[in-house]
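Results of the structural survey
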Amino acid sequence: MTNPLRIALLPGDGIGKEVVAVGKALLETLRSRRGLPLELTTLDLGADRFLRDGATFPEADQRFVRDECDAVLLGAIGDPRVPSLDYARDILFGLRFGLDLYCNVRPVVCLADSLMPLAGKRAEHCNMVVFRENTEGIYVNVGGNFKKGTPDEVAINEDVNTRKGVERVIRAAFGFAKQHGRKRVHMSDKSNAMSYAHGLWQRTFKEIAVEFPEIEAKHVYVDALCLQMVRAPESYDVIVTNNLFGDIVTDLGAALQGGLGMASSANVRPDDARWTNVRSRCRGMFEPVHGSAPDIAGKDLANPLATVLTVGMMLTHLGFEGEEAKLTQLVKDAVAAGMTTRDLGGDKKTSEVGRWIIERA
Ligand code: ATP
């Protein structure tokens, strides 16, 4: 018998629990109906756990994920009962940084004409994939305050960019483009203002592009990218950018997909020892782009389709070819059938949409 692949489910907070419940039921169905060799373990991490015993991401859980799991499916972290973001940082960055998951892959794909918010555009005009650098930039939390709380206060956050960090994500973007027959890679930065940090991005991008002559390599300033994503999203195929800009442009991208409830993502580390010193069985954490959405949490209103798409990305990562395409088609079918939650203009509950998908999976 094939060794089972172990998936850690991390529902987390707010609507994360509701959408991961759908993801879990979907995975259980695929296991029983199609024999996918999956073993699921739910991790008790998030605000409830933190409020109960002060634990954020204990060493034992970190070890379990790193050494005994093949992937993590995460819902969302964030709870208004815990104003400090420290516990969320411990969990999210513990996974992203701890496992060195340096590529945050975010498809910005509109799956139905009815979801496209731009006049004169159809779904086919929005089909890009953003590679967001996931382990450096402004998120390393290097900085500090000086004369805090006084009128002379100084506040600094450093934007950290290393040659290795920049090169590996740019290579991954070109590699993805080549593997998937994508024609163009745009690198987006603000090198006209951040000449040192983004000068490194510019130089590295040009060097790597030479190795991929079949792929058109283009540069776009991030402000121009935001403008152009709205005016002509069809201009983009694969985009590679830094951690902060990737975060921002993919929220804009989510609006082109029908909203945050439709945006999936993968945090992955391609299997290449040249680019990381981390050795771990787990090389992927998968999460819908949205947060915990406290305003709708616990009301069965969350759109679970981003999670269904995210499960698809995870199954591809685990080597189950074909499952992602089937799940993507089911999401399209659900939208076409009006089987949608309020954010997409429908009147269905999270659980109803989940059941509909699972019955057909
Ligand atoms: P974070 O800071 O963790 O990214 P946030 O509060 O900035 O979270 P989200 O929680 O992702 O943002 O979402 C913003 C709003 O979008 C939510 O308050 C909610 O109204 C809506 N939203 C997000 N995700 C979904 C979803 N899956 N289904 C329906 N509505 C959603």
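**Comments concerning the site of the ligand**
For the ligand, the full set of nearby residues is I15, L260, G261, H290, G291, S292, A293, D295, I296, A302, N303 and D343. For the ligand, an oxygen atom lies 2.9 Å from a polar atom in the backbone of A293. Within the backbone of N303, one N or O atom sits 2.8 Å away from a nitrogen atom of the ligand. Taking 610 Å² as the accessible area of the ligand by itself, protein coverage stands at 59%. By residue class, the composition of the shell around the ligand is five nonpolar, five polar and two charged.

**So, the pattern of salt bridges**
Enumeration over the complete set of coordinates arrives at 30 salt bridges. Residue R81 is joined to D79 by a salt bridge in which the shortest nitrogen-to-oxygen separation is 2.8 Å. The exposure class of D79 is buried, given its relative accessible area of 16%. Note that K121 and E234 form a salt bridge whose closest N and O atoms lie 3.0 Å from each other. Here K121, found in the loop between β4 (103–109) and β5 (127–133), pairs with E234, found in the loop between α7 (222–231) and β10 (238–241); they are 113 residues apart in sequence, far enough to count as distant. Three or more residues are tied together by salt bridges with common partners; here these are R163, E167, R171, E207 and E211.

**Here we look at the packing of α7 against helix α8 (residues 243–257)**
Each pair of packed helices can be summarised by the angle the axes make with each other and by the distance between the axes. At a closest axis distance of 10 Å, the pairing of α7 and α8 adopts a crossing angle of 10°. Taken together, the axis directions place α7 and α8 in an arrangement best described as roughly parallel. For the pair α7 and α8, contact is made by V222, L225, C226, M229 and V230 and by F245, V249, L252, G253 and L256, respectively. Along the lines of polarity and charge, the residues of the contact of α7 with α8 split into nine nonpolar, one polar and no charged.

**Points about unusual backbone geometry**
Glycine aside, residues mostly have negative phi angles, and peptide bonds mostly take the trans form. With phi around 55°, D100 is a residue other than glycine that occupies positive phi space. With respect to the helices, strands and loops of the structure, D100 is situated in the loop between α4 (86–96) and β4. Its relative accessible area of 11% is what places D100 among the buried residues. Although it is not a glycine, A293 adopts a positive phi angle of roughly 40°. Along the chain, the position of A293 falls in the loop between β12 (284–286) and α9 (305–317). Residue classification places A293 among the partly exposed residues on the basis of a relative accessible area of 22%.

**Points about the packing of α9 against helix α10 (residues 323–336)**
At a closest axis distance of 8 Å, the pairing of α9 and α10 adopts a crossing angle of 165°. As judged from the angle between their axes, α9 and α10 are roughly antiparallel. For the pair α9 and α10, the sense of crossing is left-handed. Side by side, α9 and α10 meet where L305, V308, L309, V311, G312, M313, L315 and T316 of the first sit next to E323, E324, L327, T328, V331 and V335 of the second. Residue composition of the contact of α9 with α10, by class: nine nonpolar, three polar and two charged.

**Considering the packing of aromatic side chains**
This model, assessed by the stated rule, comprises six aromatic pairs. Aromatic pair F50 and Y87: ring centres 5.5 Å apart, planes at 15°, arrangement stacked. Of the two residues, F50 is situated in helix α2 (residues 47–53) and Y87 in helix α4; the sequence distance between them amounts to 37 residues. Exposure remark for F50: the relative accessible area of 27% places this residue in the partly exposed category. Here F131 and F176 contribute two aromatic rings whose centre-to-centre distance is 5.3 Å and whose plane-to-plane angle is 55°, an arrangement assigned as tilted. Residue F131 is found in strand β5, and its partner F176 is found in helix α5 (residues 163–179); the two are separated by 45 residues along the sequence. Taking the relative accessible area as the measure of exposure, F176 reaches 17% and is therefore buried. Three or more aromatic residues link up through ring pairs in this structure, and these residues are F93, F97 and Y139. Sitting over the face of the ring of Y139, R132 holds its NZ or CZ atom 5.2 Å from the ring centroid. Note that R360 overlies the ring of W356, its terminal NZ or CZ placed 3.9 Å from the centroid.

Here is what the cut-offs are and how they apply
- Residues numbered from 1 in each chain as written.
- Predicted model: local features only at pLDDT ≥ 70, side-chain atom pairs only at ≥ 80, totals over all residues.
- Heavy atoms only, no water.
- Near = heavy atom within 4 Å.
- Polar contact = N/O pair within 3.5 Å; in protein donor to acceptor, adjacent residues only side chain to side chain.
- Areas by Shrake-Rupley, 256 points an atom, 1.4 Å probe, with all protein chains shown as cover.
- Nonpolar A, V, L, I, M, F, W, Y, C, P; charged D, E, K, R; others polar.
- Salt bridge = Lys/Arg side-chain N within 4 Å of Asp/Glu carboxyl O.
- Buried < 20%, exposed > 50% of the residue type's maximum accessible area, 1.4 Å probe, protein only.
- Helix = DSSP H or I, 4+ residues; strand = E, 2+ residues; numbered from the N terminus.
- Axes fitted to C-alpha atoms, helices over the stretch in contact; angles between N-to-C directions.
- Parallel < 35°, antiparallel > 145°, perpendicular 65-115°, else oblique.
- Contact = heavy atoms within 4.5 Å.
- Left-handed = near helix turned anticlockwise from the far one by under 90°.
- Phe/Tyr/Trp six-rings, centres within 6.5 Å; stacked < 30°, edge-to-face > 60°.
- Lys NZ or Arg CZ within 6 Å of the ring centre and 35° of its normal.

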